[in-house]
Amino acid sequence: MNDQKQKEVVLSGIRATGSIHLGNYSGAIQQFVKFQDDPDVDCFFFIANLHSITEKIEPDLVLKGTRDITRVFLAAGLDPEKSTIYAQSSIPELCELSWLFNCMVTVPTVANMPHFKEKKDLMQSRGTKETAGLLTYPILMAADILGVNGTIVPVGKDQEYHVELARDIARSFNSKFGDLFTLPAASIGDFIPSLQGSGKMGKSSGGQTIAINIAADELKKIVLTAMTDPARARRTDPGDPRNCNVASYHHIFSSTDEVTWAEAGCMNASIGCIDCKKVVLKNLEALIAPLRERYEEVARIPDKEIDEILHEGGIKARKIVMAVVGEAKERMGLPFF
Ligand code: ATP
Ligand code: MG
């Protein structure tokens, strides 16, 4: 019997819809870097350029974004020698697998996904109609994951339902057509809320974001003008950290002592919101400064070299996906004649 431990397969992607922000970094990319250094896992990280066009199609922006995210991956510490880095568009078989899964998932299942409802409302508020691609994108995401037989999917909390869907699809496929897919599980990173009130920090949600290479003075402006608990109208008014996103930032970016200091100071009004924000600012600047510096270096890498990384990674990942999709089609009675 083969008692060798099966390697975990870690897979995740980022949409090419704008500048990578703190939410993408803390929720996802920071986890990618950690997994990459684990010898017991194979890592696949991709630029989800097919997912980038569900709301609007801007060819120049998606192409630029694809290269830019690849640079951010490098700046964050991903290494193409250790991780397979590719663009989703390099693997046409993902769309094929997505079609097979489309025929296994009901419309209400995708129409009731919280993400679809949110994005649909956003599109309608901008005077556009939701596309069929927006509705079915979690199914393409299931193909992204299952196409390489991914077992761990490092994502932000907003993507948890979609990994669950991929798991359901894998289970359903296995029971109907025989075991082919390993059931994937999400690895959830820190959730970064918007500093302007409610909701998450997001590339296309229209609010302010903290780019991972943001200039120090811009970062300062965003943090110092962040919304806090409305109860703290005057410095002498006590507040409730549960109603303040700056407090959530403390929990993620500050030391235990700083969290205790900030929460007690807020509740007994011994500190002002600016005092509290200054500590978050200090900690964020410490996190972002090296990223900013490395991003400046990778920004100088010519497009040709970036494309080469994506090309190599695409070939490697495609080989794996092709084998999986070929097998799935055979089992479904759909051979390549
Ligand atoms: P868009 O608004 O275009 O969907 P986005 O900012 O949500 O962009 P994605 O490319 O959709 O970014 O997501 C990439 C990864 O970053 C996903 O794993 C997602 O869960 C994670 N992520 C996105 N925003 C946040 C956030 N505010 N906090 C934590 N994780 C996040
Ligand atoms: Mg998103």
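It should be noted that the structure appears before, not after, this text.
The residue count restarts for each chain, going from 1 along the sequence in the order it is written. In the order they appear in the text, chains get letters beginning with A and ligands get numbers beginning with 1. Owing to the predicted nature of the model, reporting of local features is limited to residues with pLDDT of at least 70; listing and counting of side-chain atom pairs is limited to 80 or more, with chain, interface and lining totals taken over all residues. Side-chain figures throughout are based on the complete set of non-hydrogen atoms in the structure, without hydrogens or water.

**Q** How do you make sense of the pattern of salt bridges when you look at a structure like this?
**A** Should their charged atoms come close, side chains of opposite charge can pair. Counted as salt bridges are all cases of a side-chain nitrogen of Lys or Arg within 4 Å of a carboxyl oxygen of Asp or Glu. By the definition in use, this model includes 17 salt bridges. Glu-93 is the salt-bridge partner of Arg-318, the closest N and O atoms lying 2.7 Å from each other. Taken together, the residues Arg-318 in helix α12 (residues 303-331) and Glu-93 in helix α3 (residues 93-102) connect sequence positions 225 residues apart. One continuous salt-bridge network, built from bridges that share partners, spans Arg-67, Arg-71, Asp-303 and Asp-307. Numbering goes from the N terminus for both helices and strands, where a helix is a DSSP run of H or I of at least four residues and a strand is a run of E of at least two.

**Q** What should I look at first to understand the layout of surface pockets in this one?
**A** In this approach, a probe sized like a water molecule rolls over the atoms, and the result shows the empty space that is left. Think of a 1 Å grid over just the protein atoms. A cavity is a set of points where a 1.4 Å probe fits yet cannot get out, a pocket is an open set with protein on both sides within 12 Å along at least five of seven lines, and lining residues have an atom within 4 Å of a point. Grid points are joined across faces, edges and corners, and a volume is the space filled by probe spheres set on the points. In this structure, the largest pocket spans a volume of roughly 790 Å³. Every residue lining the largest pocket is counted, 38 residues in all, and those nearest its centre are Asn-24, His-115, Asp-158, Gln-159 and Lys-200. Elements supplying a minimum of two residues to the lining of the largest pocket: β1 (8-15), α1 (22-36), β2 (41-48), α5 (114-125), α6 (132-147) and β4 (152-155). At five residues, β1 tops the list of elements feeding residues into the lining of the largest pocket. Gly is put with the polar residues, along with every residue not named as nonpolar or charged; the nonpolar set is Ala, Val, Leu, Ile, Met, Phe, Trp, Tyr, Cys and Pro, and the charged set is Asp, Glu, Lys and Arg. Here the lining of the largest pocket is built from residues that sort into 14 nonpolar, 15 polar and nine charged.

**Q** Quick question: what am I supposed to make of the site of ligand 1 here?
**A** Think of it this way: one heavy atom of a residue within 4 Å of a molecule or strand is enough to make that residue near it. By nearness alone, 22 residues border ligand 1, and His-21, Asp-158, Lys-200, Lys-203 and Ser-204 come closest of all. Polar contact criterion, stated in full: a pair of N or O atoms within 3.5 Å, where within protein one must be able to donate a hydrogen and the other to accept it, and residues adjacent in sequence count only if both atoms are side-chain atoms. The separation between an oxygen atom of ligand 1 and a polar side-chain atom of Arg-15 is 2.8 Å. One nitrogen or oxygen atom from the side chain of Thr-17 is found 2.7 Å from an oxygen atom belonging to ligand 1. When ligand 1 sits alone it has 590 Å² of accessible area, and the protein chains cover 97% of it. Throughout, a molecule is located in a cavity or pocket provided that more than half of its atoms lie within 2 Å of its grid points. Of all the cavities here, the one that holds ligand 1 is the largest pocket. Contributions of two or more residues to the shell around ligand 1 are made by β1 and α1. It is α1 that contributes the most residues to the shell around ligand 1, four residues altogether. Taken together, the residues of the shell around ligand 1 break down into six nonpolar, 10 polar and six charged. All accessible areas in this document rest on Shrake-Rupley with a 1.4 Å probe, and a residue is counted as covered only by the protein chains that are shown.

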